[in-house]
Structures are given as structure tokens and as C-alpha cells.
Amino acid sequence: MSWKDEYNKKLCSLKEAVSHIKSGDRVVVAHAVGEPSALLDAMVENAESYKNVEIVHMVAMGSAKYCQPEMAGHFRHNSLFLGGSTRKAVEEGRGDFTPVYFSEVPNLLRTTLHPNVVLMHVTPPDEHGYCSLGVSVDYTKPASEVADIRIAQVNKNMPRTMGESFIHVSRLDYIAEHDAPIIELQPPAISDVEQAIGKNCASLIGDGDTLQLGIGAIPDAVLLFLKDKKDLGIHSEMFSDGVVELVEAGVITNRRKNLHPGKSVVTFLMGTKRLYDYVNNNPEVHMMPVDYVNNPSVIARNDNLVSINSCVQVDLLGQVVSASVGLKQISGVGGQVDFVRGANLSKNGRTIMAMPSTAQGGKVSKIVPLIDTGAAVTTSRYDVNYVVTEYGVAKLKYKTLRERARELIGIAHPDFRPNLAEEYEKRFKSKF
Ligand code: COA
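Counting restarts for each chain: residues are numbered from 1 in the order of the written sequence. Restriction of local features to residues with pLDDT of at least 70 applies here, the model being predicted, together with a cutoff of 80 or more for giving and counting side-chain atom pairs; totals for whole chains, interfaces and linings are based on all residues. As a rule here, side-chain values come from all non-hydrogen atoms in the structure, and water together with hydrogens is ignored.

**Describing the sheet that holds strand 25 (residues 392-395)**
Any two strands with at least two DSSP bridges between them are considered paired. In this text, helices come from DSSP runs of H or I with a minimum length of four residues, and strands from runs of E with a minimum of two, each type numbered from the N-terminal end. With respect to topology, 9 strands assemble into an open sheet ordered 8-14-13-12-11-15-20-24-25, the strand pairing being mixed. The open sheet has two free edges, formed respectively by strand 8 (162-163) and strand 25, since each of these has just one partner strand. When strand 11 (residues 210-213) meets strand 12 (residues 233-239), the two strands line up parallel, connected through 2 bridges. Across the sheet, the residue bridging to Thr210 is Gly233, located in strand 12.

Set out below in C-alpha cells:
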């Protein structure tokens, strides 16, 4: 049978596609802006037909209707990274959170959370019958290799990304066509505080460095201050519109990378249509599964790897909390520790934790004597290098506990420094 005949045979409505999910199944869903929204909506509409379906998902972009209280008994969410629409379900005991490094999610699916079904979001097939996974290759490609059933939403608007992002029609089980714009994430407004943080981070970046950046105002602010650098490279779990600007300006060339020179290596993308148009059929952007991109030993094959991530709290020892506020789980480790480890292994690598000095409208300091009760350490004091706020750069690597505390107090918000200095004097039995 030709792939075209096979495609037509597998073609069905969204409703029929999700009818192949059975009670008790574990369903792994493509995440971030690669979320197959139409399949998810159809699945939720069909909720009455299911009992105890486990939804394994990472970054949920939409409203995550499967997490609503009325869905209890039909769906139970097992989150690998919490966000605005999924936190409440876990907080209220209607869902679970599994702590896992992003690089290990494919292995988690292979060894422990075997997917009965994977819901994917792909381009229409090319002339050889290959669909591209587009903006989210990360764990979806590995999930498609181990799931019992593969259901794909085929969407003409999904950019056809290159790299290891393809799946052949013969590997899909049910196909539902549904064209809708890919979810867009508008660049955030950048405040003065974020600008100052961006400038401080940029002072640690040199020509020829390879960067890992997250999403949000801080990474965007860093990019603003890189316009005069030369031959930067990208090896990052994700990137956004700001990177496109620097590629077009000739600042990011990837020329000096040791691994995949000439290419930006990434596992998922989030941004606006500008980014999606840029990556469409673009061999400069090399999409790979997350157990490759985020593997610390792969990351470290690039010399001069600089990772920039954000966090919630740092204590005076340099312990970094990134995914919880006290007992409340707010996100997940994502790729933070993968890249911190990779950067530490990279020759002349550097890892930066960048954050505003305060949270909650200036009411609390993010630099604290002790982390909040119940909070979990994300990046240990052994791995942390630089902490950056709008007040400067604290260099912690290979420093004593006293030196670390002094460095950190020096970049805390001035309103909180007297209290931190008092704590320093009590703990270290010496004058600040
Ligand atoms: N004390 C109390 N509350 C705090 C706090 C603190 N020290 N720091 C942050 N918060 C609260 C904020 O007020 C906010 O609450 P709200 O949602 O009710 O407004 C919430 O925590 C999130 O903080 P915010 O500063 O808006 O987060 P962000 O969107 O900038 O994300 C992280 C910051 C740390 C949560 C995010 O970077 C993360 O999850 N990191 C780990 C994953 C990672 O690094 N991945 C690799 C890169 S993709």
C-alpha cells in the first residue's frame, strides 16, 4: 500500500480518533505550543466514556480542561512540569507531580510510565510520507517509539522543522486533520529590573560562546545586550523570537560550536508566528529529542557553554530553589539541572542563575538566610556558579560558605541587606 493510501485509511474525525483511548489508559500528550489542542478538546468532550485515564503532560499551554474538578474520575493528571492551568489540580489532590529531569523523560516513558496512547501534533506528510513534529520534538518523538497507539492531529500551520523531527505515516495509527494557528507566546514587556539583569548576565558572555536560554523577560533582556557580540551559538532546550533577531543580525552564527557547527540545536520552540515562519524548512535549526539535547555529556561537547536559568530563592549557602514556593510546587526542574551540569562539564563553561532580587512586588527578598520550609532545592550549592540580580553578579563557585554569603548579600536588594548581614554575623560568628 502506498503511504497515501495508508494515510487515507487512517484518516478519521477527531471524535473517532480519541475513541481509541480506553478507561485506565495512560495518555502522553505533546506539550508547550506543540500541544494538540483539537485532540485534547475532543478527548475532554468524550470524558463520560472514560474512567481513570492518566494524562502525562509537561508544559500545558491551554486551559488543561482535563484538570477541571468536574473531570475527576475521568482523568487524573500526572504533571512533569506545573503551570498556571495545572497547579491547582495538584494542590487540591486531584493530580500528581513527578519530579524528573527533562533529559530523562524519554527514559521515564520507556521504563516506567509506558504510554498506551500518545497524542501528537504534526505537519501534513511530505512527498515521502513523513510528517514533522514541528515545534515540539522533545519527548513526543521518543513517546511515539514506545506507545501502543499513536494518534496525530495533522495541522497545515505546524512548521516543518528539520533534524530528528520526522515520523512516517506508516508509524501513525489514527490521523485527524485539523488546521488551527499554532499557539503564540508574545514577547513579554521587559522592565528596568530585567534590563539590568540582562546587562549583568551579558557581562559574563563572550564572543564564540554557546548559549542555553529559557523563556521569558530575563532571557529576552539578556539577548538585548548581546547585539555587539560575535559568533554566538545556540544549544538550548528551547528558544524564542529573540534568537531569530540575533541570527538575522549576524550575531548568532553557530560557527564556533564544536558540536553541530552552523546549526542551532534545540528540542522545542515557543514564540510567535515570526519564529514559526523562521524555523519552517530551515536546516539551520536542528530539532532533536530531549534525551539528546539535554543530555549533560552532549551539552558539554560544546566548549564555552553558558546556561542561563531563573529561580525562586537562593539561600546564603548558594542552594537554588526553582520550582516550589515553600510546600507549593509551582513548576518543575525542566532542563535547569541538565544544563547546569552540562555547562559545568563544558571547557570554560559557565552557569548563571538570573533573578530579580525581590518577589511579590518587592515584599520579599529572593536571597534568604534559609530557604522556605517545604521548598525543594533544585540546583545544589555544589553546582551553582554565578547568581545574577539587577544589583550585580555573585560568583559562588569554589568559594567558602562565608565568601558565598558575602557575595550574595552584595547583590540582594538594599532594603534586605541589613537583615541578611545580621544573619551572616549570627551564622559565621564574624562581622559582616
Ligand atoms: N517567594 C514567594 N513567592 C515567589 C518567590 C519567592 N521568593 N519567587 C517567585 N514567587 C512567586 C511569584 O510571585 C509568582 O507567583 P504568582 O504566579 O502567584 O504571581 C510565582 O512564584 C512565579 O514567579 P515568577 O517570577 O512569575 O516566575 P517566572 O515565570 O519568571 O518563572 C521560575 C521563574 C523559576 C518559576 C521558572 O524559571 C522555572 O520554573 N524554572 C525551573 C525550570 C527551568 O529553569 N527550566 C530551564 C529553562 S526552560
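The structure having been displayed, the exposition proceeds.
**Overview of the side chain of Arg26**
Relative to the helices and strands, Arg26 resides in strand 1 (residues 26-29). Residues adjacent in sequence count toward polar contacts only when both atoms are side-chain atoms; beyond that, a polar contact is any pair of N or O atoms within 3.5 Å, and within protein one must be able to donate a hydrogen and the other to accept it. For Arg26, the side chain forms a polar contact with the side chain of Glu54, separated by 3.3 Å. Contact definition: two residues touch when any of their heavy atoms are within 4.5 Å. Among residues more than four places away in sequence, those in contact with Arg26 are Glu54, Val56, Thr112, Leu113, His114, Pro115, Asn116 and Val117.

**A few points about the packing of aromatic side chains**
Two rings belonging to Phe, Tyr or Trp (six-membered ring only in the last case) form a pair when the distance between their centres is within 6.5 Å. Interplanar angles under 30 degrees mark stacking, angles over 60 mark edge-to-face geometry, and anything in between is tilted. Tallying each qualifying case throughout the model produces 4 aromatic pairs. Look at Phe102 and Phe268: their rings are 6.0 Å apart centre to centre, the planes differ by 65 degrees, and that puts the pair in the edge-to-face class. A residue pair is termed long-range when its members are at least 10 positions apart, and Phe102 in the loop between strand 4 (95-97) and helix 5 (105-111) and Phe268 in strand 13 (residues 264-269) qualify at 166 residues. Consider the rings of Tyr424 and Phe432, whose centres lie 5.2 Å apart with planes at 80 degrees: the pair is edge-to-face.

**Focus on the site of the ligand**
When we say a residue is near a molecule or strand, we mean one of its heavy atoms is within 4 Å of it. In the vicinity of the ligand there are 22 residues, among which Glu237, Asn309, Val312, Ser331 and Gln336 approach most closely. Gln336 places a side-chain nitrogen or oxygen 3.0 Å from an oxygen atom of the ligand. Amino acid classes used here: Ala, Val, Leu, Ile, Met, Phe, Trp, Tyr, Cys and Pro are nonpolar; Asp, Glu, Lys and Arg are charged; the rest, including Gly, are polar. Taken together, the residues that form the shell around the ligand break down as 8 nonpolar, 11 polar and 3 charged.

**A few points about the sheet that holds strand 16 (residues 313-315)**
Spatially, 3 strands are ordered 17-16-23 in an open sheet, and the strand pairing comes out mixed. Of all strands in the sheet, those with a lone pairing partner are strand 17 (320-321) and strand 23 (367-368), marking the two edges. In this structure, strand 16 lies alongside strand 23, joined through 2 bridges in parallel fashion. Across the sheet, Asp315 pairs through a bridge with Val368, a residue of strand 23.

**Observations concerning the domain arrangement of the protein**
Either an automatic procedure or a domain database provided the assignment from which the domain bounds are taken. Considered domain by domain, the protein is made up of domain 1 (3-177) and domain 2 (192-428). Taking the mean C-alpha position of each, domain 1 and domain 2 sit 29 Å from one another. Together domain 1 and domain 2 conceal approximately 2500 Å² of surface at their shared face, both sides included; 65% is due to carbon and sulfur atoms. Put simply, a salt bridge is a Lys or Arg side-chain nitrogen that is within 4 Å of an Asp or Glu carboxyl oxygen. Here domain 1 and domain 2 share 1 salt bridge between them. Buried surface area refers to the total accessible area, computed with a probe of radius 1.4 Å, that the two partners give up upon joining, counted for both partners together.

**Brief notes about the pattern of salt bridges**
Once their charged atoms are close, side chains differing in charge can pair, the charge on each being opposite to the other. For the coordinates displayed, the defined rule picks out 18 salt bridges. The partner of Glu6 in a salt bridge is Lys10, and the shortest N-O contact between them spans 3.1 Å. With a gap of 4 residues between them, Glu6 and Lys10 both fall in helix 1 (residues 3-10), about one helical turn apart. A salt bridge links Asp209 to Arg350, with the nearest nitrogen and oxygen atoms 2.8 Å apart. Of this pair, Asp209 sits in the loop between helix 7 (192-202) and strand 11 while Arg350 is found in strand 20 (residues 350-354), placing the two residues 141 residues apart along the sequence. The same class applies to Asp209 as to Arg350, namely buried. Put simply, Lys88, Glu92 and Arg94 are held in one network by salt bridges that share partners. Buried residues are those whose accessible area, probed at 1.4 Å on protein chains only, stays under 20% of the maximum for their type, while exposed residues exceed 50% and partly exposed ones sit between those limits.

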